[in-house]
Amino acid sequence: MSKYLAERYQTIEVYTPGEQPQNRRYIKLNTNESPYPPAPAVSDAVRREAGRLELYSDPTCWELRSALARRYGGRAENVFVSNGSDEILSFAFMAFGGCGKKVYFPDISYGFYRVYADLYGYPSSMIPLREDFSIDCSDYVGLDGFIVIANPNAPTGMALKLEQMIRIIESNPDHVVLVDEAYIDFGAESCVRLTDRYENLLVVQTFSKSRSMAGARLGFAIGQESLIRDLEVIKYSTNPYNVNRMTLAAGLASLSDENYTVENCRKIIEVRDTTTQKLTEMGFQVLPSSANFVFARHPGYSGTDLYQKLKEEGVLVRHFNTPRTADFLRITIGTSEQMDVLMNALNRIMEV
Ligand SMILES: *Cc1c(COP(=O)(O)O)cnc(C)c1O
C-alpha cells in the first residue's frame, strides 16, 4: 500500500474471492459455478458481437432489459442490468445505505455485504443466524435502515419462505429491502412477483450460477421504476457502459433458450439431493440446501483439515475460517461424475 491511498481505505478488509487456480486442474467445487457450459446460442452471439467492439455498448441495455421483462414480468423500466450482480449490490449500497443509519444483514452471509458497508463507511448490524443457521425473520421486522438478505442464504443454502419475506418487506416500508436471489433457480421461492406490490423491494439475480455465465459478468435487478431510476443515478455517475456488447448479446441468447437453463438446474438439484444423502451416510451434518451447493461438517474432522486434504486429492472446495463456520465446507454441486470423485476422495481421506 502506498502513502497515497486515501486514509479512509487504509484499514479496509477487502473481499477475498474463492481460489481461481490457473495452473493445476482441480475438480472445482469452490465458487458455485455451473459445471455446464453456457447455452449453445451464447457462444455464437458472443462471436458475432466480438466483430463490433469498435462501438460502445448500448448504455440503456434496452433490448436485454426488455427480454428480462418478458421473462420475469413487468416492463423494461422495472429492470436494471449490470456488470455482475456484485455491481448492483455496490450501486444499491451507495443508493440506499448510509445517512447515519445502519445496514442490516445476517452475520453469516455473502461476505461482500460487510465489505460494501465498510467501503462506504456505513455502520452495519450483522444479525446472528439462529443456532440451526436459519434466519429468524422476526429479527428483521421494523428496522431503521437498509436491509440485505440473500435468499437462499450463502453459504448455508437455507431459504426463507415467501410469507417470511413478505413479513420483512411489509414491516419496513421506509427502507429498501434488497433480496439477493443469486441461487433462486435451484428451488427457493422468488420475490420477483412481489415487486409490483412493494415499492421498497429490490430483487437481485445473476446469470453467473444457473445460467453458466460467471465469466461474462451479468446481473440484473427487478423493482419498481423509481428504484430502478435510483440505481441509474449511480450508474450514470460511475460507469454508463457498465455491460459490454458481448455480455449483452450473451444474456439475450441465454434467455432465448430457457429449456437449457431449466434442465441444467433440474440436474443440479437432483445431484444435490443424492450428494446430501451420501454425505449424511458418511456422518456429515448437511444443512438443507435450496442452492447449487451444500454446507456440511463432519464431527470427526476440522474444516481446515478436510479442505487441505481434498485439495491434495485435486478437489477444491470452499472453507470459511470464521468462528461459527470453521467446521464447515461449502461444496458446489458439480456433475454426478465430479461428485463421485469428491466421494472417493473423502472415502480415502476418512479411511486413514
Ligand atoms: C455469486 C453471488 C453473487 C455475485 O454474483 P455475480 O453476479 O457473479 O457478481 C451475489 N450474491 C451472492 C449471494 C452470490 O453467491
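Conventions used here
- Residues numbered from 1 in each chain as written.
- Predicted model: local features only at pLDDT ≥ 70, side-chain atom pairs only at ≥ 80, totals over all residues.
- Heavy atoms only, no water.
- Near = heavy atom within 4 Å.
- Polar contact = N/O pair within 3.5 Å; in protein donor to acceptor, adjacent residues only side chain to side chain.
- Areas by Shrake-Rupley, 256 points an atom, 1.4 Å probe, with all protein chains shown as cover.
- Nonpolar A, V, L, I, M, F, W, Y, C, P; charged D, E, K, R; others polar.
- Pairing = 2+ DSSP bridges.
- Helix = DSSP H or I, 4+ residues; strand = E, 2+ residues; numbered from the N terminus.
- Axes fitted to C-alpha atoms, helices over the stretch in contact; angles between N-to-C directions.
- Contact = heavy atoms within 4.5 Å.
- Phe/Tyr/Trp six-rings, centres within 6.5 Å; stacked < 30°, edge-to-face > 60°.
- Buried < 20%, exposed > 50% of the residue type's maximum accessible area, 1.4 Å probe, protein only.
- Lys NZ or Arg CZ within 6 Å of the ring centre and 35° of its normal.
- Core = buried A, V, L, I, M, F, W, Y, C linked by side-chain atoms within 4.5 Å.
- Salt bridge = Lys/Arg side-chain N within 4 Å of Asp/Glu carboxyl O.

1. Points about the site of the ligand
The full set of residues close to the ligand is G84, S85, D86, Y110, D180, A182, Y183, T206, S208, K209 and R217. At a separation of 2.6 Å, a nitrogen atom of the ligand approaches a polar side-chain atom of D180. For the ligand, the protein covers 93% of the area, taking 390 Å² as the surface of the free molecule. Of the residues that constitute the shell around the ligand, the class distribution is 3 nonpolar, 4 polar and 4 charged.

2. Notes on the sheet that holds strand β3 (residues 103-106)
Within the open sheet, the 7 strands sit side by side as β2-β8-β7-β6-β5-β3-β4. Their pairing is mixed. Looking along the sheet, the strands with just one partner apiece sit at the ends: β2 (79-82) and β4 (124-127). On average, adjacent strands in this sheet sit at an angle of 20 degrees to one another, irrespective of strand direction. Bridge count for β3 against strand β5 (residues 146-150) is 2 bridges, and the pairing is parallel. Each residue of the ladder has a partner; that of V103, found in β5, is F146. On the sheet, helix α3 (residues 85-96) packs against β2, β3, β5, β6 (177-180), β7 (201-206) and β8 (219-222) and is oriented at approximately 160 degrees with respect to β7. Strand contacts of helix α6 (residues 225-238): β2, β7 and β8, with the helix running at about 30 degrees to β2, the strand carrying the most contacts.

3. Structural notes on the packing of aromatic side chains
In total, this model carries 18 aromatic pairs according to the counting rule given. Measuring from ring centre to ring centre gives 5.7 Å for F207 and F220, while their planes differ by 70 degrees; the resulting arrangement is edge-to-face. With F207 in the loop between β7 and β8 and F220 in strand β8, this residue pair connects regions lying 13 residues apart in the sequence. With a relative accessible area of 0%, F207 lands in the buried category. We classify F220 as buried; its relative accessible area is 1%. Over the ring of F207 we find R211; its NZ or CZ atom is 5.1 Å from the centre of that ring. The ring of Y236 is capped by K235, whose NZ or CZ atom sits 5.4 Å from the centre of that ring.

4. Here we look at the nonpolar core
Counting residues in each nonpolar core, the largest one holds 51 residues, and the members touching the most others are L68, V81, Y140, C191, L194 and L201. Contact partners of Y140, with chain neighbours within four places excluded, come to F105, P106, I127, I135, I147, I149, I168, S171 and N172. Core analysis: the second largest hydrophobic core is formed by 33 residues, L279, F284, M339 and M343 among them.

5. Examining the pattern of salt bridges
Considering all chains together, one arrives at 23 salt bridges under this definition. K161 serves as the salt-bridge partner of E189, at 3.8 Å between the closest nitrogen and oxygen. Placement of the pair is E189 in the loop between β6 and β7 and K161 in the loop between β5 and α5 (162-170), with a sequence separation of 28 residues. Judged by its relative accessible area of 35%, E189 falls in the partly exposed class.

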